[in-house]
Amino acid sequence: MGTISLLAGIDLLTGEAVPLVSDTHKSSDFVSFLKILDAKYPEGDTIRLILDNHSAHTSKETRLYPATLSEDRFVFVFTPTHASWLNMIESFFSKMTRQMLKGIRVNSKAELTQRIYQYFDEINADPVVYHWTYKMDEIDLDKA
């Protein structure tokens, strides 16, 4: 049957989770995810992404795409090595695994993909906004 890859982000202002399911986890997939985010948010907004140190997040192809946009369209903040658990999306993936993936049986990658997108639709029907202790303006991104 094979495997699939899930790229996702959570909008901290609305609580909406944005998914992309693909057959691979390559730089081109991550760039496709960036394009989804670019199309979703108004031009001129800065999109900050908390990322782990996966090679797809730092590749030449990945660096080239944001360079075609306004200078501050995407701001990448990387978690320390072996600390991806600091990224809120990792908690979301854990919750999704417990609530939806644990013990399911599917007949195809297409069915699994459909179920994942359905889960995101259900979560996004009533999104929950996470309330941070720190304000983004108080965080020095140059030191992050």
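Described below are features of the structure shown in this document. All values derive from a computational prediction rather than experimental measurement. (Residues numbered from 1 in each chain as written. Predicted model: local features only at pLDDT ≥ 70, side-chain atom pairs only at ≥ 80, totals over all residues. Heavy atoms only, no water.)

### A short note on helix α5 (residues 109-125)
- With 17 residues, α5 ought to run about 24 Å at 1.5 Å a step, and its terminal C-alpha atoms sit 24 Å apart, in line with that.
- Its buried side turned inward, α5 meets β1 (5-10), β2 (17-22) and α4 (88-101). (Helix = DSSP H or I, 4+ residues; strand = E, 2+ residues; numbered from the N terminus. Expected span 1.5 Å × (residues − 1). Contact = heavy atoms within 4.5 Å.)

### Side note on the pairing of strand β3 (residues 47-51)
- A one-sided burial pattern is seen for β3, the buried positions being I47, L49 and L51 and the unburied ones R48 and I50.
- Bridging between β3 and strand β4 (residues 74-78) involves five bridges; their strand directions are parallel. Residue pairing across strands places I47 opposite F74, the latter belonging to β4. (Buried < 20%, exposed > 50% of the residue type's maximum accessible area, 1.4 Å probe, protein only. Pairing = 2+ DSSP bridges.)

### Focus: the side chain of N87
- As for its position among the elements, N87 is in the loop between β4 and α4.
- Given the relative accessible area of 11%, N87 is considered buried.
- A polar contact is formed between the side chain of N87 and the backbone oxygen of I50, at a distance of 2.7 Å.
- Not counting residues up to four positions away in its chain, the partners in contact with N87 are I50, L51 and T79. (Polar contact = N/O pair within 3.5 Å; in protein donor to acceptor, adjacent residues only side chain to side chain.)

### Here we look at the packing of α4 against α5
- Orientation of α4 relative to α5, taken along the N-to-C sense of each, is 110 degrees, at an axis distance of 12 Å. By the angle between their directions, the pair α4 and α5 is classed as roughly perpendicular. The interaxial crossing formed by α4 with α5 has right-handed handedness. For the pair α4 and α5, contact is made by F92, K95, M96, Q99, M100 and L101 and by L112, R115, I116, Y119, F120 and I123, respectively.
- Its residues assigned to classes, the contact of α4 with α5 comprises nine nonpolar, one polar and two charged. (Axes fitted to C-alpha atoms, helices over the stretch in contact; angles between N-to-C directions. Parallel < 35°, antiparallel > 145°, perpendicular 65-115°, else oblique. Left-handed = near helix turned anticlockwise from the far one by under 90°. Nonpolar A, V, L, I, M, F, W, Y, C, P; charged D, E, K, R; others polar.)

So far we have only geometry, and geometry alone does not tell us how the molecule works.
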